[in-house]
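Summary of structural features
The lines below spell out each chain.
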Amino acid sequence: MTRNLILGVILSSLVLLMALVSFVWTPYGHAAMNIPAKLQTPNAAHWLGTDHFGRDIFSMIMVGARTSIAVALVAVGIGMVLGVPLGLTAAARKGSWLDEVIMRGNDLVFAFPSLVIAILITAVFGAGAVNAIIAIGIFNIPVFARITRGAALSLWERDFILAARVAGKSGARISFEHILPNVTNLLIVQGTIQFSLGILAEAGLSYVGLGAQPPTPSWGRMLADAQTMVSIAPHLALVPGIAIVLTVLGLNLMGDGLRDYLDPRLRISRT
């Protein structure tokens with residue numbers, strides 16, 4: 001295991017542990033306001049200080065981690081569940097009209113950033129975490145479709161795939177019995193990368209008011225609330241900003257380490 005993988009797993013595990021603990025315990029209620037205690041700097045009573053409503057920032061960070069992880073996890077799941085079969089289908093039918101439809105559809109989705117898609121969805125259904133999940137998930141579909149198709153195309157010319165075709169197996173059966181297991185490592189690595197991007201996207205959508213709505217804490221919403229008070233209470237922006245940076249850094253390091261660890265060519269060279 002590489003140093004990047006170990007460090008990434010440690011950082012990611014700490015954030016995940018914090019999110020899980022928030023289900024059963026937080027130092028204070030994340031929505032409990034205490035106006036006389038507002039804008040306190042970190043101290044023994046409030047480890048990371050309080051915001052302009054007197055809410056405990058550490059409690060909000062814990063619950064905000066839960067929100068960010070849930071949104072990113074479901075969004076990546078949507079991208080995998082829908083994108084991987086599309087990529088396998090396109091690779092199996094390379095050069096056909098179905099391949100063209102799938103890939104041109106991916107290009108169409110890529111033409112609209114997740115923020116624009118979120119604005120369109122919000123205009124119809126209203127702001128909220130569910131709409132943020134849909135927006136990020138839609139953007140993840142073409143990512144996994146392209147990754148899967150590109151990896152699958154190089155496998156369709158391999159001898160073991162030709163043997164399966166000679167044995168009379170259909171394209172769909174070959175895709176799920178032989179192609180998918182051989183691209184799983186790549187999908188796992190890409191999933192960790194998209195997970196980190198999903199957390200960034202959720203924070204960005206919440207920052208502009210399109211993500212999780214109050215009183216549900218969100219790291220992006222905390223940054224938006226702190227932008228007018230940076231000069232008098234910089235910890236309001238520093239704490240959620242550092243939380244986002246460490247989480248994304250941990251996931252990226254874990255993805256980079258997994259890529260090296262799961263690559264058979266690198267395993268052979270290390271051996």
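See the structure printed just above.
A brief look at the structure comes next. (Residues numbered from 1 in each chain as written. Predicted model: local features only at pLDDT ≥ 70, side-chain atom pairs only at ≥ 80, totals over all residues. Heavy atoms only, no water.)

A contiguous nonpolar surface patch, about 710 Å² in accessible area, is contributed by Leu16, Leu20, Phe23, Val24, Trp25 and Trp47. Mapping valine 24 onto the fold places it in the loop between helix H1 (3-21) and helix H2 (57-92). (Patch = residues over 30% accessible without salt bridge, like charges linked within 9 Å, V, L, I, M, F, W, Y side chains within 5 Å. Areas by Shrake-Rupley, 256 points an atom, 1.4 Å probe, with all protein chains shown as cover. Salt bridge = Lys/Arg side-chain N within 4 Å of Asp/Glu carboxyl O. Helix = DSSP H or I, 4+ residues; strand = E, 2+ residues; numbered from the N terminus.)

Moving on: the environment of arginine 66. With respect to the element layout, arginine 66 can be found in helix H2. Between the C-alpha atom of arginine 66 and that of glycine 257, which follows or precedes it by 191 residues, the distance is 24 Å. The residues contacting arginine 66, other than those within four sequence positions of it, are Ala19, Ser22 and Phe23. (Contact = heavy atoms within 4.5 Å.)

All chains considered together, the criterion is met by nine salt bridges. Arginine 149 is paired through a salt bridge with aspartate 99; the nearest N and O atoms lie 3.0 Å apart. Of this pair, arginine 149 sits in helix H5 (residues 129-155) while aspartate 99 is found in helix H3 (residues 97-110), placing the two residues 50 residues apart along the sequence. On the basis of relative accessible area, arginine 149 is assigned to the buried category, the value being 17%. Judged by its relative accessible area of 2%, aspartate 99 is buried. (Buried < 20%, exposed > 50% of the residue type's maximum accessible area, 1.4 Å probe, protein only.)

This next bit is on helix H8 (residues 219-226). With six of eight residues buried, H8 lies mostly within the body of the structure. Among the residues of H8, those classed as buried are Trp219, Gly220, Arg221, Met222, Ala224 and Ala226. Where the residues of H8 are buried, they touch H1, H2, helix H7 (171-207) and helix H9 (235-262).

What follows concerns H3. Its 14 residues place the ends of H3 20 Å apart at the C-alpha level, agreeing with the 20 Å of an ideal helix rising 1.5 Å per residue. Those residues of H3 not exposed but buried are Asp99, Ile102, Met103 and Asn106. The buried residues of H3 occupy one face: seen down the axis, they fall within an arc of 90°. Facing away from the buried side of H3 by over 90 degrees, the exposed positions are Trp97, Val101 and Leu108. Looking at the buried positions of H3, the neighbouring elements they touch are H2 and H5. (Expected span 1.5 Å × (residues − 1). Arc of directions from axis to C-beta.)

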